[in-house]
Amino acid sequence: MKITDTHKLYALRFGGIMTIAGVVVLVDRISKIWTLRHLQLGESRRIASFFYLTFVQNTGTAFGLFQGNNRALGLLAFTILVALLYGARGLTERGGYWGAIGVALVLGGAIGNMMDRFHYGRVIDFLDFRVWPVFNLADSAITVGALSIAIGLLGSDEKSR
C-alpha cells in the first residue's frame, strides 16, 4: 500500500492530537493532585473578587446532575471516548484545524475526568466563579473542545457552499 500525502497529513494530525490530549491530561492531573494535597473537602479560598478555589467532589455529570451514578457515568464516558477516537479522523478531515484542536481537547478532558471516576470514584472539581457550578480543567477542555469542533464543522459547511 502506497502512503499518500493524505495519510501523512492524518498521521501528523493524529500525533498532534495525541500530544495536545496528553498535555491536557497532565495539567489536569497536576491541578487535581494539588487540590487534593492543599485543600480540604468543602474548603474555599478566595483568589480574586470573582474567583475562588473550592474543593468539591462530583459523582454526577456537569452541574452535579445524576449524582451517585459514577459507575454508569464512567462506562458512558469510556463509550464516548471510544466513539470519539473512532470518529477523530472524520472530524479532523471535515473540521480542519479547529476540528483537530477540538478533538484533542475533548479527548484530554474526557480521559482526565474518566481517570478520576475510576481512581477516586468521583470527579475532583475546584474552579469556582460563584456564578457557575464548580468545575475543573478537564471540564474546561471538553467545553472549549466541543466549541472548536462545532466551529470547524460549521466552517467546513461554509467552504462547501
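Up top you'll find the structure we're talking about.
We now turn to the structure provided with this report. Within any chain, residue numbers begin from 1 and follow the written order of that chain's sequence. pLDDT decides what is reported in this predicted model: residues at 70 or higher carry local features, side-chain atom pairs at 80 or more are listed and counted, and totals for whole chains, interfaces and linings draw on all residues regardless. Water and hydrogen atoms were dropped before computing side-chain values, which therefore reflect all heavy atoms in the structure.

1. Description of the packing of aromatic side chains
Both the distance between ring centres and the angle between the ring planes are used here to describe each pair of aromatic rings.
Okay, step 1: Each aromatic pair joins two rings of Phe, Tyr and Trp (for Trp, the six-membered one) with centres within 6.5 Å, and gets the label stacked for planes under 30 degrees apart, edge-to-face for over 60, and tilted for any other angle. This structure, assessed with the given rule, holds 4 aromatic pairs.
Okay, step 2: Ring geometry for F50 versus F129: centroids 6.3 Å apart, planes at 15 degrees, classification stacked. A residue pair is termed long-range when its members are at least 10 positions apart, and F50 in the loop between β1 (44-48) and β2 (51-58) and F129 in the loop between β3 (123-128) and α3 (137-160) qualify at 79 residues.
Okay, step 3: Exposed residues in this analysis have more than 50% of their type's maximum accessible area, buried residues have under 20%, and partly exposed residues fall in between, with area computed by a 1.4 Å probe over protein chains only. Residue classification places F50 among the exposed residues on the basis of a relative accessible area of 53%.
Okay, step 4: According to the relative accessible area criterion, F129 is partly exposed, its value standing at 32%. Numbered from the N terminus, helices here are DSSP runs of H or I no shorter than four residues, and strands are runs of E no shorter than two.

2. A word on the nonpolar core
Okay, step 1: Within the largest apolar cluster, 15 residues are counted, with the highest numbers of intra-cluster contacts made by I17, L81, L84, L91, V103, L107 and I149.
Okay, step 2: Of all the secondary-structure elements, those providing two or more residues to this core are α1 (5-38) and α2 (70-120).
Okay, step 3: Considering each element in turn, this core owes the most residues, 12 residues, to α2.
Okay, step 4: For L107, the contacting residues outside a window of four places in its chain are I17, M18, A21, L81, L84 and L85.
Okay, step 5: If you look at the next biggest cluster of nonpolar residues, it comprises 8 residues, including L39, F51, I124 and F135. For this analysis, a nonpolar core means a set of buried residues of the types Ala, Val, Leu, Ile, Met, Phe, Trp, Tyr and Cys, connected via side-chain atoms within 4.5 Å. Here, two residues are considered to be in contact whenever any of their heavy atoms come within 4.5 Å of each other.

3. What to know about a nonpolar patch on the surface
Okay, step 1: A cluster of nonpolar side chains, F50, F129, V131 and W132, forms an exposed patch at the surface whose accessible area comes to about 480 Å².
Okay, step 2: Here V131 lies in the loop between β3 and α3.
Okay, step 3: Judged by its relative accessible area of 73%, V131 falls in the exposed class. Residues form patches when they are more than 30% accessible in relative terms and have no salt bridge. Like charges link within 9 Å. Nonpolar side chains (Val, Leu, Ile, Met, Phe, Trp, Tyr) link within 5 Å. Each accessible area value is a Shrake-Rupley result obtained with a 1.4 Å probe; residue values ignore everything except the protein chains displayed when judging cover. Salt bridge, as used here, is a side-chain nitrogen of Lys or Arg placed within 4 Å of a carboxyl oxygen of Asp or Glu.

4. Looking at α2
Okay, step 1: With 51 residues, α2 should reach 75 Å at 1.5 Å per residue; the first-to-last C-alpha distance of 10 Å falls well below that figure.
Okay, step 2: What is called the bend at a residue is the angle between a pair of axes, fitted to the seven residues leading up to and ending at it and to the seven starting from it. A bend of about 145 degrees at G96 is the largest found in α2.
Okay, step 3: Downstream of α2 by one or two residues, G121 has phi in the positive range, about 80 degrees. Each helix should span, by expectation, one fewer than its residue count multiplied by 1.5 Å.

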